[in-house]
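Here are the chains, one letter per residue:
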Amino acid sequence: MPVKTHVVARRNTRGGRSAQEHLVAALRCLYKRAVDDGLISEAENPARKVAKPRRLPTTRRARPDARLAEINEVAATTGDDPELDTLILRLHTETACRRGGALALRPRDLDADQCLVLLRERDETVRWQPVSPILMARLAEHGRERHAPTDGQLLRYGDGKPITSRR
């Protein structure tokens, strides 16, 4: 399909398959509306004849254990708030949450009895995620030590101000 030829090549390129997939989906939507509005018949719908390209398996992989250990070591021994940095890394390692999920975490989102955290992430995704008892205890302790309000942001700097996406 010609749409693949105009794709911007990036480091993680998949050869324009996603652009092709989105084009086919958009055209199917457009022609479906034309059929629904009576502008063309279902038999005249050319989008029915075009196969949607198959998605390739993901290329995303977890960091190797040795690399993750290096990252945690650097975070724990450098910076202006190593305690906060290691807590953030542990949260991301255990829950695989997005940056927005960590930033939106509140003290009231911690269920210490069941060791669950409520993550609110992009596209209004809300999920309860299990965590280790050690992480749960550290999150609760962090909120108390840094005076996080129950409905406010949990992760905070030493002066009590909420962290930002730059952290």
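Reading the values: the criteria
Along each chain, the written sequence defines residue order, and numbers are assigned to residues from 1. Since the coordinates come from a predicted model, pLDDT governs what is reported: local features require at least 70, and pairs of side-chain atoms require 80 or more to be given and counted, while whole-chain, interface and lining totals use all residues. Derived side-chain values reflect all non-hydrogen atoms in the structure, with water molecules and hydrogen atoms excluded from consideration. DSSP bridges decide pairing: two strands pair if at least two such bridges lie between them. Here a helix means four or more residues in a row that DSSP labels H or I, a strand means two or more in a row labelled E, and each is numbered from the N terminus. Each axis is a line fitted through C-alpha atoms, taken for helices only over the stretch in contact, and angles between the N-to-C directions span 0 to 180 degrees. Here the angle decides the label: under 35 degrees means roughly parallel, over 145 means roughly antiparallel, 65 to 115 means roughly perpendicular, and every other value means oblique. Residue contacts are counted whenever heavy atoms from the two residues lie within 4.5 Å of one another. In this count, Pro and Cys sit with the nonpolar residues alongside Ala, Val, Leu, Ile, Met, Phe, Trp and Tyr, while Asp, Glu, Lys and Arg are called charged and the others, Gly among them, polar. Using a 1 Å grid laid over the protein atoms alone, points where a 1.4 Å probe fits but cannot get out form a cavity; open sets with protein on both sides within 12 Å along at least 5 of 7 lines form a pocket; any residue with an atom within 4 Å of a point counts as lining. Grid points are joined across faces, edges and corners, and a volume is the space filled by probe spheres set on the points. Buried means the residue's accessible area, taken with a 1.4 Å probe over protein chains only, is under 20% of the maximum for its type, while exposed means over 50%, and partly exposed covers the values in between.

(A) Expanded view of the sheet that holds strand 2 (residues 116-120). With respect to topology, three strands assemble into an open sheet ordered 1-2-3, the strand pairing being antiparallel. Each edge of the open sheet is held by one strand with a lone partner, namely strand 1 (110-111) and strand 3 (126-130). Strand direction decides the pairing type here: strand 2 and strand 3, joined by five bridges, are antiparallel. If you follow Leu 116 over to strand 3, its bridge partner there is Pro 130.

(B) How the structure looks around the packing of helix 2 (residues 65-77) against helix 3 (residues 82-95). It is the contact of helix 2 with helix 3, at a shortest axis distance of 8 Å, that shows an interaxial angle of 155 degrees. In terms of orientation, helix 2 lies roughly antiparallel with respect to helix 3. When helix 2 is examined against helix 3, the residues Leu 68, Ile 71, Asn 72, Ala 75 and Ala 76 are found in contact with a partner set consisting of Pro 82, Asp 85, Thr 86, Leu 89 and Thr 93. Across the contact of helix 2 with helix 3, the residue classes tally to six nonpolar, three polar and one charged.

(C) Layout of the layout of surface pockets. Estimates place the volume of the second largest pocket at around 240 Å³. Lining the second largest pocket are Ala 75, Asp 85, Ile 88, Leu 89, His 92, Arg 99, Ala 102, Leu 103, Ile 163, Thr 164, Ser 165 and Arg 167. Mapped onto the lining of the second largest pocket, the elements with two or more residues apiece are helix 3 and helix 4 (99-103). A per-element tally of the lining of the second largest pocket places helix 3 first, with four residues. Broken down by class, the residue content of the lining of the second largest pocket amounts to six nonpolar, three polar and three charged.

(D) Focus on the environment of Thr 125. Secondary-structure assignment places Thr 125 in the loop between strand 2 and strand 3. Relative accessible area serves as the criterion here: at 37%, Thr 125 is assigned to the partly exposed category. For Thr 125, the contacting residues outside a window of four places in its chain are Leu 119 and Arg 120.

Functional significance is not addressed by these values, which are geometric in nature.
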